[in-house]
Amino acid sequence: MSNIQLDIWRGEWGLASIDLECLKVLTYMKFIGVPVKVHEANNPYFAPKGRLPVMRDGRHVLTTFEEVVDHLKSLHYSTDVHLNTNQAAEASAFTQYLREKLYPAYEYAWWVDEKNYTELTRPAYAKVLRIPFNFYYPGKYQNVAKEMIDALYGEHSDLKEIEKTIYQEAEKCLATLSDRLGESEYFFGNRPSSFDAIVFAYLAPLVKAPFPNSTLSNHVKSIPNLTRFVARINQKNFRQVTDEYNLQNSKKQSTGTQADRAAANFPNQTRNKILAAIFAAFAMTGYAFASGMFQRLSTWSWERTLLLNKYRIVKKHLEKMKRLRVEREQEKKTT
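All values derive from a computational prediction rather than experimental measurement.

1. Quick word on unusual backbone geometry
With glycine set apart, most residues show a phi of negative sign, and most peptide bonds adopt trans.
Then, number 1: Cis geometry is adopted by the peptide bond preceding Pro-53, which originates at Leu-52 and carries an omega value of 10 degrees.
Then, number 2: On the secondary structure map, Pro-53 appears in the loop between strand 2 (37–41) and strand 3 (54–57).
Then, number 3: Of the consecutive residues Ile-131 and Pro-132, the connecting peptide bond is found in the cis state with omega at 10 degrees.
Then, number 4: Tracing the backbone shows Pro-132 in the loop between helix 4 (114–128) and helix 5 (133–153).
Then, number 5: Even without a glycine there, the phi angle at Trp-13 is positive, about 60 degrees.
Then, number 6: Locating Trp-13 in the fold gives a position in the loop between strand 1 (5–9) and helix 1 (20–32).
Then, number 7: If you check the backbone angles, His-76 has positive phi at about 70 degrees while not being a glycine.

In structure tokens:
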């Protein structure tokens, strides 16, 4: 157990990691107190599946939250031993509910909303990644998110309508979460579970990241028991991260740093963009042949749902075309 290593995206804004999946795994491991060496990676290029997090325990290499939970459970590390059968079933159902209703809104806020992507998400990832990967990965992740949103809500032609629909569903989900939590410290009693780690990973970035378009973020912040939930877990498990961020932030506000100025000028560095793009093209082409990296970054548990949505959208358009053709034929007959 002393040799466990966890590779994650580094943190920002007082978060232990800027990535949802990394934050899930890291929070869960904090809950169970498993000894682990955390490594803030700055490049998923060499990761087993081209993504983070990655947990290594001897010969075991795990890349998803579910894999990590199952592996640690096999080693008798678990936060869910206090859950009865009904609670375990409820936690599983809520987890799927979050995936279907809150995750699309989370991805939309991070990657699809152009203002958030341009001013917050892309600079944050570009700051973490090395050249030339800082020109490649943010755009790749944005495309993956856009494909998901299009598959789920492609019947809507107006992006504002999609945003409204997504956020309305997310708000209902958050209201349900708030009702379930009530005044309890955790969702299932006075001890944290894997579900608490999942919820924290969703909510903490929405609370802490300074979104330019803060529609979803503001809604989370307006729910007192959920914001207290985030603050409690952060205080108990990531206080050092928060303290370091506050200290650094105060220094930046007074003097600024050369790195921050370089990051601020990042979008205007045309020469670097051209050179990096050329290098990235060669690097990514070679890697594509080696590992199929240009395939979709990840698979979702609801892939079948996405396919059904695509089929439904196509079917809807075909039916519309058929209806218009029938109407035209009827008009010809009447004339």
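2. Remarks on the side chain of Asn-225
Then, number 1: Here Asn-225 shows up in helix 9 (residues 224–237).
Then, number 2: Here the side chain of Asn-225 touches Gly-182 through a polar contact of 3.1 Å, landing on its backbone oxygen.
Then, number 3: The residues touching Asn-225, leaving out its near neighbours within four places in the chain, are Ser-178, Leu-181 and Gly-182.

3. Remarks on a positive patch on the surface
Then, number 1: Together, Lys-322, Arg-325, Arg-328 and Lys-332 make up a region of like positive charge exposed at the surface.
Then, number 2: Among the structural elements, Lys-322 can be located in helix 13 (residues 303–334).

4. Here we look at the pairing of strand 3
Then, number 1: With 3 bridges joining them, strand 1 and strand 3 adopt antiparallel strand pairing. Among the inter-strand pairings, Leu-6 is bridged to a residue of strand 3, identified as Met-55.
Then, number 2: Where strand 3 meets strand 4 (residues 60–62), 3 bridges bridge the pair, whose relative direction is antiparallel. By the bridge assignment, Arg-56 is partnered in strand 4 with Val-61.
Then, number 3: Turn length for the strand 3-strand 4 hairpin, with the two strands adjacent in sequence and antiparallel, is 2 residues, and the turn residue Gly-58 shows positive phi of about 65 degrees.

5. Some words on helix 4
Then, number 1: Across its 15 residues, helix 4 extends 20 Å between first and last C-alpha, which sits within 8% of the 21 Å expected from 1.5 Å per residue.
Then, number 2: Largest kink in helix 4: about 35 degrees, centred on Thr-121, with the proline Pro-123 one to four residues after it.
Then, number 3: For helix 4, the secondary structure elements touched by its buried residues are strand 1, strand 2, helix 3 (85–112) and helix 5.
Then, number 4: You can read the cap of helix 4 off the contacts: a side-chain oxygen lies 3.1 Å from the backbone nitrogen of Lys-115, and it is on Asp-113.

6. A few points about helix 5
Then, number 1: Along its 21 residues, helix 5 runs 30 Å from first to last C-alpha, staying within 8% of the 30 Å computed at 1.5 Å per residue.
Then, number 2: With respect to burial, helix 5 is a largely interior element, 16 of its 21 residues being buried.

7. Comments concerning the sheet that holds strand 1
Then, number 1: In spatial order, the strands read 2-1-3-4; together these 4 strands make up an open sheet with mixed pairing. Two strands close off the open sheet at either side, each with one partner strand: strand 2 and strand 4. Within the sheet, the average angular offset between the axes of one strand and its neighbour, ignoring direction, is 20 degrees.
Then, number 2: Of the strands in this sheet, strand 1, strand 2 and strand 3 are in contact with helix 1, which crosses strand 1 at around 140 degrees.

8. A look at the pattern of salt bridges
Then, number 1: Here the structure, examined in full by the defined rule, presents 11 salt bridges.
Then, number 2: A salt bridge links Glu-183 to Arg-228; the shortest N-O distance between them is 3.3 Å. Note that Glu-183 is positioned in the loop between helix 6 (159–181) and helix 7 (194–208) and Arg-228 in helix 9, a separation of 45 residues in sequence.
Then, number 3: By relative accessible area, Glu-183 is classed as exposed at 71%.
Then, number 4: In this structure, Lys-236 and Glu-185 form a salt bridge, with 2.3 Å as the shortest nitrogen-oxygen distance. Of the two residues, Lys-236 is situated in helix 9 and Glu-185 in the loop between helix 6 and helix 7; the sequence distance between them amounts to 51 residues.

The rules behind these values
- Residues numbered from 1 in each chain as written.
- Predicted model: local features only at pLDDT ≥ 70, side-chain atom pairs only at ≥ 80, totals over all residues.
- Heavy atoms only, no water.
- Helix = DSSP H or I, 4+ residues; strand = E, 2+ residues; numbered from the N terminus.
- Polar contact = N/O pair within 3.5 Å; in protein donor to acceptor, adjacent residues only side chain to side chain.
- Contact = heavy atoms within 4.5 Å.
- Patch = residues over 30% accessible without salt bridge, like charges linked within 9 Å, V, L, I, M, F, W, Y side chains within 5 Å.
- Areas by Shrake-Rupley, 256 points an atom, 1.4 Å probe, with all protein chains shown as cover.
- Salt bridge = Lys/Arg side-chain N within 4 Å of Asp/Glu carboxyl O.
- Lys, Arg positive; Asp, Glu negative; His and termini not counted.
- Charge placed at Lys NZ, Arg CZ, Asp CG, Glu CD.
- Pairing = 2+ DSSP bridges.
- Expected span 1.5 Å × (residues − 1).
- Bend = angle between axes of the 7 residues up to and from the residue.
- Buried < 20%, exposed > 50% of the residue type's maximum accessible area, 1.4 Å probe, protein only.
- Axes fitted to C-alpha atoms, helices over the stretch in contact; angles between N-to-C directions.

These figures capture arrangement, not role.
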